[in-house]
Amino acid sequence: MAPTRSGLVTSGDQAADLQQKMSMRYDWMSSEIRAVYDAPLLDLVFRAAGVHRQYHDSTEVQVCKLISIKTGGCPEDCAYCSQSSRYQTEVEASPLMQREEVLEIARRAKAAGVTRVCMGAAWREVRDNRQFDRVLDMVKDVTELGVEVCCTLGMLSDDQAQKLDDAGLYAYNHNLDTSERFYDTIISTRTFADRLNTIASVRKTNVTVCAGGIIGLGETVDDRLSMLQTLSSMNPHPESVPINVLSKVAGTPLAEVAEVPIWDTVKMIATARILMPRTIVRLSAGRAKMSASDQALCFMAGANSIFSSESKVMLTKAVPSPAYDEDKALLGTLGLKIRPPFKEARQDASPMELAATP
Ligand code: SAM
Ligand code: SF4
């Protein structure tokens, strides 16, 4: 019994679940968010850990694998990105991968314990119908393996979002990346509103929403919290919020920015957990540089997902990831187990749907 995107939950007390849903807030004010964030660090972590335990099984962490199905050569100018054709980075552009190759990587990922496979393309938007049809085939193939499938392909129209839904896509990732105020410092080739429009297109379908951002781009704490405010004011909240720490890429405009202290990452995760209790908060890019104890603190603060990889590459070689076996050992040390797929409910599952959960 693992309904995929229907809004049904697979376990837990239905009445408590309904009550939790009713207690979601979509009106966090910036002053409230700042007060949450500014609490003494251990008090903030303690509070977030309590929220985490109320809404999730704190012994579970979802393990995801990102497959870059189309790498490099992107026309956008995202200042952090190794794949933008505007910057001279070590990443070489390659065409859309073959269906069999993607399926093989996904099979190996599943065998290693991965329960969510994200397919990313270095596209500004989905333009080429033939290539899009090939991605739809990949979505079908990988979904048949019994893992959650996410895509991140750039901007989408309503029609394209619906086609992904029809192919059985579980989630669509479209990060806000930073605050509305800071957005055009980082990206000039599209707007913050463009991002929100694509998220709105996805929301019209049964596909769940994955939207988060990056810290360490030179933004202020207020920018980080403003991004969280935008996410937490979405009703329903995104089912998934990745918190990336910038992987500095030689050749990009952000190659030399200051490192993000681990404490900032922990505070960001804890604040996201408190504002969006049901959401899966993903400790994403930047994890390869963290010690085991840093990561443990992030899990304590409410992170319940990681990206792992056989090749130690998360997105491109400029954005590294720990390997499957290292992560297995880490989770074992911490007494954590892998969260099964299809466990989270759609955030807008209606009380009727929840009440009908067997
Ligand atoms: N082209 C698609 C788009 O922009 O939506 C997919 C891009 S990429 C796979 C998705 C996300 O990876 C970006 O939105 C960004 O948050 C993250 N990312 C890319 N490069 C990064 C880096 N160097 N450090 C941290 N996060 C990064
Ligand atoms: Fe292109 Fe996406 Fe990289 Fe921006 S983040 S340059 S849109 S691949």
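Residues numbered from 1 in each chain as written. Chains lettered and ligands numbered in written order. Predicted model: local features only at pLDDT ≥ 70, side-chain atom pairs only at ≥ 80, totals over all residues. Heavy atoms only, no water.

For the rest of this paragraph, the subject is the site of ligand 2. The local shell around ligand 2 consists of Cys 74, Glu 76, Cys 78, Tyr 80, Cys 81, Ser 84, Ala 122, Trp 123 and Arg 190. A majority-of-atoms criterion places ligand 2 in the largest cavity. Among the residues making up the shell around ligand 2, the classes are represented as 6 nonpolar, 1 polar and 2 charged. (Near = heavy atom within 4 Å. 1 Å grid on protein atoms, 1.4 Å probe; cavity = no way out; pocket = protein on both sides within 12 Å on 5 of 7 lines; lining within 4 Å. Sits in = over half its atoms within 2 Å of the grid points. Nonpolar A, V, L, I, M, F, W, Y, C, P; charged D, E, K, R; others polar.)

Taking burial as the measure, the 6 residues of strand 2 (residues 116-121) include 6 buried ones, the bulk of the element. Side chains of strand 2 alternate between two faces, with Arg 116, Cys 118 and Gly 120 and Val 117, Met 119 and Ala 121 buried alike. Taken together, strand 1 (residues 60-70), helix 4 (residues 99-111) and strand 2 form a β-α-β motif whose crossover is right-handed. Pairing of strand 2 with strand 3 (residues 148-152), which is carried by 5 bridges, proceeds in the parallel orientation. In the sheet register, Val 117 faces strand 3, and the bridge partner there is Val 149. Considered for its hand, the β-α-β crossover made up of strand 2, helix 5 (residues 129-143) and strand 3 is right-handed. (Buried < 20%, exposed > 50% of the residue type's maximum accessible area, 1.4 Å probe, protein only. Helix = DSSP H or I, 4+ residues; strand = E, 2+ residues; numbered from the N terminus. Right-handed = clockwise from strand over helix to strand, strands pointing away. Pairing = 2+ DSSP bridges.)

Across its 14 residues, helix 10 (residues 262-275) extends 20 Å between first and last C-alpha, which sits within 8% of the 20 Å expected from 1.5 Å per residue. A large share of helix 10 lies buried, amounting to 13 of its 14 residues. (Expected span 1.5 Å × (residues − 1).)

Here we come to unusual backbone geometry. With an omega of 0 degrees, the peptide bond between Asn 235 and Pro 236 qualifies as cis. Position of Pro 236 relative to the elements: it lies in the loop between helix 9 (221-232) and strand 7 (240-245). Phi is positive for Asp 177, close to 70 degrees, though the residue is something other than glycine. Along the polypeptide, Asp 177 turns up in the loop between strand 4 (171-173) and helix 7 (183-186).

Next up on the list: the packing of aromatic side chains. Overall, the coordinates contain 2 aromatic pairs when judged by the stated rule. Ring geometry for Tyr 170 versus Phe 342: centroids 5.5 Å apart, planes at 70 degrees, classification edge-to-face. You can see Tyr 170 sitting in the loop between helix 6 (158-166) and strand 4 and its partner Phe 342 sitting in the loop between strand 10 (337-338) and helix 13 (351-355), a full 172 residues away along the chain. With relative accessibility at 8%, the residue Phe 342 sits in the buried group. Taken together, a centroid distance of 5.6 Å and an interplanar angle of 70 degrees make the contact between Tyr 183 and Phe 192 edge-to-face. The exposure class of Tyr 183 is buried, given its relative accessible area of 2%. Residue classification places Phe 192 among the buried positions, given a relative accessible area of 5%. Taking the ring centre of Trp 28 as reference, the NZ or CZ of Arg 25 above it sits at 4.2 Å. (Phe/Tyr/Trp six-rings, centres within 6.5 Å; stacked < 30°, edge-to-face > 60°. Lys NZ or Arg CZ within 6 Å of the ring centre and 35° of its normal.)

As for its position among the elements, Asp 223 is in helix 9. In this structure, the C-alpha to C-alpha distance between Asp 223 and Phe 182, residues 41 residues apart in sequence, is 6.9 Å. Contact partners of Asp 223, with chain neighbours within four places excluded, come to Ser 179, Arg 181 and Phe 182. (Contact = heavy atoms within 4.5 Å.)

For the rest of this paragraph, the subject is the packing of helix 3 (residues 41-55) against helix 10. For the pair helix 3 and helix 10, interaxial distance at closest approach is 9 Å and the crossing angle is 40 degrees. Classified by the angle between their axes, helix 3 and helix 10 sit oblique to one another. Relative to helix 10, the crossing made by helix 3 is left-handed. Residue-level contacts link Leu 41, Leu 44, Val 45, Arg 47, Ala 48, Val 51 and His 52 of helix 3 to Trp 263, Val 266, Lys 267, Ala 270, Thr 271, Arg 273 and Ile 274 of helix 10. In the contact of helix 3 with helix 10, the residues fall into 9 nonpolar, 2 polar and 3 charged. (Axes fitted to C-alpha atoms, helices over the stretch in contact; angles between N-to-C directions. Parallel < 35°, antiparallel > 145°, perpendicular 65-115°, else oblique. Left-handed = near helix turned anticlockwise from the far one by under 90°.)

Moving on: the packing of helix 10 against helix 11 (residues 292-300). At their nearest, the axes of helix 10 and helix 11 sit 8 Å apart, and the two run at 20 degrees to each other. Considering the angle they form, helix 10 stands roughly parallel to helix 11. Viewed along their axes, helix 10 and helix 11 form a crossing whose handedness is right-handed. Residue-level inspection shows Ile 262, Trp 263, Thr 265, Val 266 and Ile 269 of helix 10 in contact with helix 11, the latter providing Asp 294, Leu 297 and Cys 298. Within the contact of helix 10 with helix 11, the residues separate by chemical class into 6 nonpolar, 1 polar and 1 charged.

The first and last C-alpha atoms of helix 3 sit 21 Å apart over 15 residues, in line with the 21 Å expected at 1.5 Å per residue. Restricting attention to buried positions, one finds in helix 3 the residues Leu 44, Val 45, Ala 48, Ala 49, Val 51, His 52 and Tyr 55. Down the axis of helix 3, the buried set is contained in an arc of 165 degrees. They therefore lie on one face. Across from the buried face of helix 3, at angles greater than 90 degrees, the exposed residues are Leu 42, Phe 46 and Gln 54. (Arc of directions from axis to C-beta.)

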